[in-house]
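As a plain string of letters, each chain reads:
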Amino acid sequence: MQLKEKIETLLEEARKIRIASLEESENYRIRLLGKKGELNRLFEEFKQVEPSLKKDLGQSLNQLKNAVQEAIQKAREEFQGQNLSEEDPALDLTRPVETGTGYRHPLSLVKEEIFRIFAGIGFDISDGPEIEDDWHLFTALNFSPEHPARDMQDTFFIEKNGGITDVALRTHTSSVQIRAMETQPLPIRTLCPGRVYRNEVVSARAHCFFHQVEGLYVDKGVSYADLREVLLYFAKEMFGPKTRIRLRPSYFPFTEPSAEMDIACSLCGGKGCSLCKGTGWVEILGCGMVDPNVLENCRIDPALYSGFAFGMGVERIANLLYRVNDLRLFSENDKRFLSQF
Ligand code: PHE
């Protein structure tokens, strides 16, 4: 066959070809445009033709090349995305996607704000295990043997070989305070954040797990006045400079004296509303002076050292700041909820 005829046959094919997949288009490309493909062979042959024919044949060859490229391009546009592989030149990994960015979880936002506030007065952060032993959860914290927290009704104990052990999912991060006192040099000024678990029926107002940030300060001469000033500073930073606090006497096995701290209701300013149940105050944390027994349990001499501790629920603070009326929203990962923060 003459060169001219060969070109025309392939040109005819290129104009009529029906490519049905990316794979077919790739095969076609290799057959026509590949190193050992038809076009290169034709160009080799073209070198031998008489100069007088070169102009005409050269134009036909270029026409053929364009038609082949067009057919391949058309197929790519049609089938792109159906069978992408990383080697595929049609795949553009630099193209921006339109999925939008994620959101910070409200509990992370609140937790980080608490860290920021306490970092400003020298508190660092301590970490501890979520599965904890009786010593760190209860005994070292001065809980009596018959305290209800040791009851399976309140605490998730770990079973082993069909029997209950004295190891449990931690019910508070006070266990981390014990670990801090056992291992860190004095003075200690630390926050203990983390997830805690309690055996509660899940509802809008209670959950079987929630998040705490507890704090501990142990040094020579730490007083109740220090506790009050630190918590007042925290409340003003967190809820605004006009925030008022009150400390109500309370009881915890590990602090003496113990108190619960309320802030003047941020919704009604203390007049009484549904948020504060008409009282004008909302409770935000428990606190107190570390019981001397607890210091002794951690080999700290209560004659030389004293300390205060406090503990708050991150969900509770987030509720006050953002008015979330159902605790379950915090752990459901519903984008409609999360996108609001
Ligand atoms: N551990 C207490 C709780 O979980 C909170 C608390 C911490 C109270 C430190 C006083 C001092 O409820």
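See above for the structure.
I will try to describe carefully the structure that is included in this document. (Residues numbered from 1 in each chain as written. Predicted model: local features only at pLDDT ≥ 70, side-chain atom pairs only at ≥ 80, totals over all residues. Heavy atoms only, no water.)

1. A closer look at the sheet that holds strand E4 (residues 163-169)
Each strand in a sheet pairs with another by means of backbone hydrogen bonds, the pair being arranged parallel or else antiparallel. This is how it is decided: When DSSP locates at least two bridges between a pair of strands, those strands are taken to pair. Secondary structure elements follow DSSP: runs of H or I of four or more residues count as helices, runs of E of two or more count as strands, with numbering from the N terminus. In this analysis an axis means a line fitted to C-alpha atoms, helices contributing only their contacting stretch, and an angle means the value between N-to-C directions, from 0 to 180 degrees.
Pairing in this open sheet of three strands is antiparallel, and the strands run E2-E4-E3 from one edge to the other. Only two strands of the sheet have a single partner each, and these edge strands are strand E2 (131-133) and strand E3 (157-160). Averaged over all adjacent pairs, the angle separating strand axes in this sheet is 55°, with direction ignored. Two elements, E3 and E4, share three bridges in a ladder whose sense is antiparallel. Bridge assignment links Glu 159 to a residue of E4, and that residue is Ile 164.

2. Let's talk about the sheet that holds strand E10 (residues 306-313)
In plain terms, the rule: By definition, residues are in contact when any of their heavy atoms lie within 4.5 Å.
Strand order in the open sheet formed by seven strands is E1-E5-E6-E10-E9-E8-E7, with mixed pairing between adjacent strands. Since the sheet does not close on itself, it has two edges, and those belong to strand E1 (124-125) and strand E7 (245-252), each with one partner. Sheet strands in contact with helix H7 (residues 174-183) are strand E5 (188-197), strand E6 (209-219) and E10, and its direction is about 30° off that of E6. Lying on the sheet, helix H10 (residues 314-322) is in contact with E6, strand E8 (255-264), strand E9 (281-290) and E10; it crosses E10 at an angle near 60°.

3. Quick word on empty space enclosed by the protein
Cut-off, in case you're wondering: Two kinds of site are reported from a 1 Å grid over the protein atoms alone, namely cavities, where a 1.4 Å probe fits but cannot get out, and pockets, open sets with protein on both sides within 12 Å along at least five of seven lines, and residues are called lining when an atom falls within 4 Å of a point. Grid points are joined across faces, edges and corners, and a volume is the space filled by probe spheres set on the points. Three categories are distinguished: nonpolar for Ala, Val, Leu, Ile, Met, Phe, Trp, Tyr, Cys and Pro, charged for Asp, Glu, Lys and Arg, and polar for the others, with Gly belonging to the last.
This model, assessed by the stated rule, comprises one cavity of 30 Å³ or more. Taken together, Leu 141, Gln 177, Met 181, Leu 216, Phe 254, Thr 255, Val 290, Val 294 and Ala 309 make up the full set of residues lining the largest cavity. By residue class, the composition of the lining of the largest cavity is seven nonpolar, two polar and no charged.

4. Concerning the pairing of E10
For clarity, the threshold we go by: Think of it in three bands: with a 1.4 Å probe and only protein chains considered, a residue is buried below 20% of the maximum accessible area for its type, exposed above 50%, and partly exposed in between.
Counting buried positions along E10 gives seven out of eight residues, so the element sits mostly inside the fold. When E6 meets E10, the two strands line up antiparallel, connected through eight bridges. Bridging from a neighbouring strand, Asp 219 pairs with Ser 306 of E10.

5. Concerning the site of the ligand
Here is the rule: For this purpose, a residue is taken to be near a molecule or strand whenever a single non-hydrogen atom of the residue falls within 4 Å of it. By the criterion applied in these results, polar contacts are pairs of N or O atoms within 3.5 Å in which, for protein atoms, one can donate a hydrogen and the other can accept it, and in which residues neighboring in sequence qualify only through two side-chain atoms. The accessible surface values rely on the Shrake-Rupley method and a 1.4 Å probe; as for residues, cover is taken only from the protein chains in view.
Neighbouring the ligand are 13 residues; His 172, Ser 174, Arg 198, Gln 212 and Glu 214 lie closest to it. Interatomic distance of 3.1 Å between a side-chain N/O atom of His 172 and a nitrogen atom of the ligand. Its free accessible area being 320 Å², the ligand has 89% of it covered by the protein chains. Where the shell around the ligand is concerned, the elements lending two or more residues are E6, E9 and E10. The leading source of residues in the shell around the ligand is E10, at three residues.

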